[in-house]
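# Architecture and fold: a report
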Amino acid sequence: MFDDVQIVIPSSGRATVSNGSTSGQITLEQLPSAVYPYTWLAVPNEEWAAYDDLLHNSRSTTLGVRILKVPDFCKNITETREYIFKNHNSRYLMMLDDDMRFCYRTNGMADSRLKLLPPKHIEIVRMLLFWRTLAEEYVHCGPSPRGGNNRVFDSVQTCKRMCNAYMYDMDVIDKMKPLPYLDCVPIMEDFDLTLRLIKA
């Protein structure tokens, strides 16, 4: 299903467990367990032990999730993403913020949304599979921006900024020199990558 996809969630300061739940890991809590074997938490080296405890203390709900240690020389999210780029292990790389919540449209209406919670996890799997299909045609893609998806009726849009979720075809990205995040403005790295791809 996702054998050629690696899902990576960069995270810092969210290694908390409450009542057996990984409460600090909002995205991880939302993802269905079916994708956990393809999922990694990318965390600062100094926080590795706390995240390892997090996963072990909630093992019944996070079985299969692994940890990627991010070295101390990565000082911000841009450098962290660059490190993930250099250390990916699948053709398609999906990066998700650690505080995402998923919604779905009711009755096909763009302005009518409900949170996706169990037993609707299958809808998240369908979304990820659709996203994976898009990645075969687009070098990077993602869900519509959080601030605007209630005004878009089409299922797909092009040339849009991606806010907190990315899917990359690493066969293409790996050929870009320098790597996209290497010398860009830290908080605008998604714009920078989009412009580089258009230029290429």
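Along each chain, residue indices are assigned from 1 in the same order as the chain's sequence is written. Totals for whole chains, interfaces and linings use every residue, but because this is a predicted model, local features are given only for residues with pLDDT of at least 70 and side-chain atom pairs only at 80 or more, for both listing and counting. Side-chain metrics rest on all non-hydrogen atoms present in the structure, leaving aside hydrogens and water.

What follows covers the overall build of the protein. Each helix corresponds to a stretch of at least 4 residues labelled H or I by DSSP, and each strand to a stretch of at least 2 residues labelled E; elements are numbered beginning at the N terminus. Each helix and strand counted, the protein has seven helices and eight strands in total. Classification of the 200 residues of the protein by burial places 42% in the buried group. Per-residue accessibility takes into account occlusion by the displayed protein chains alone, with areas from the Shrake-Rupley method and a 1.4 Å probe. Surface accessibility of the protein: about 10700 Å² in total, with carbon and sulfur atoms responsible for 52%. Residue exposure (1.4 Å probe, protein chains only): buried if accessible area is under 20% of the type maximum, exposed if over 50%, otherwise partly exposed.

With that out of the way, let us pick up the nonpolar core. What is meant by a nonpolar core is a set of buried Ala, Val, Leu, Ile, Met, Phe, Trp, Tyr and Cys residues, joined one to another through side-chain atoms within 4.5 Å. Leu 31, Leu 41, Met 94, Leu 96, Leu 128 and Trp 131 are the most contacted members of the largest nonpolar core, which has 30 residues in total. Breaking this core down by element, the ones donating at least two residues are strand 1 (5-10), strand 2 (39-44), helix 2 (48-57), strand 4 (92-96), helix 5 (121-134) and strand 8 (165-169). Looking at this core element by element, the count peaks at four residues for helix 5. What Leu 128 contacts, discounting residues up to four positions off in sequence, is Phe 2, Leu 31, Val 35 and Met 94. Residues count as neighbours in contact if any of their non-hydrogen atoms are within 4.5 Å of one another.

A separate point is the layout of surface pockets. Reported here for the second largest pocket is a volume of approximately 220 Å³. Together, 16 residues line the second largest pocket, and Pro 44, Val 70, Cys 74, Lys 75 and Thr 80 are the ones closest to its centre. Broken down by secondary-structure element, the contributors of at least two residues to the lining of the second largest pocket are strand 2 and helix 4 (77-86). Ranked by residues supplied to the lining of the second largest pocket, first place goes to strand 2 with three residues. Note on definitions: the grid is 1 Å and covers protein atoms alone; a cavity is a set of points where a 1.4 Å probe fits but cannot get out; a pocket is an open set with protein on both sides within 12 Å along at least five of seven lines; lining residues have an atom within 4 Å of a point. Grid points are joined across faces, edges and corners, and a volume is the space filled by probe spheres set on the points.

Now for the pairing of strand 2. Side-chain positions along a regular strand alternate between the two faces of the sheet. Counting buried positions over the six residues of strand 2 gives five, a clear majority of the element. Bridge count between strand 1 and strand 2: four bridges; the pairing is parallel. Residue pairing for strand 2: Ile 7 is matched across the bridge by Thr 39. Note: strand 2 against strand 3 (residues 66-70), five bridges, orientation parallel. Residue pairing in the sheet places Val 43 in a bridge with Lys 69 of strand 3. A pair of strands counts as paired when DSSP detects no fewer than two bridges linking them.

Our next topic: the environment of Lys 69. The topology assignment puts Lys 69 in strand 3. On the basis of relative accessibility, which here comes to 40%, the residue Lys 69 falls in the partly exposed class. With 21 residues separating them along the chain, Lys 69 and Trp 48 place their C-alpha atoms 6.5 Å apart. Leave out the neighbours within four places in its chain, and Lys 69 touches Val 43, Asn 45, Trp 48 and Tyr 83.

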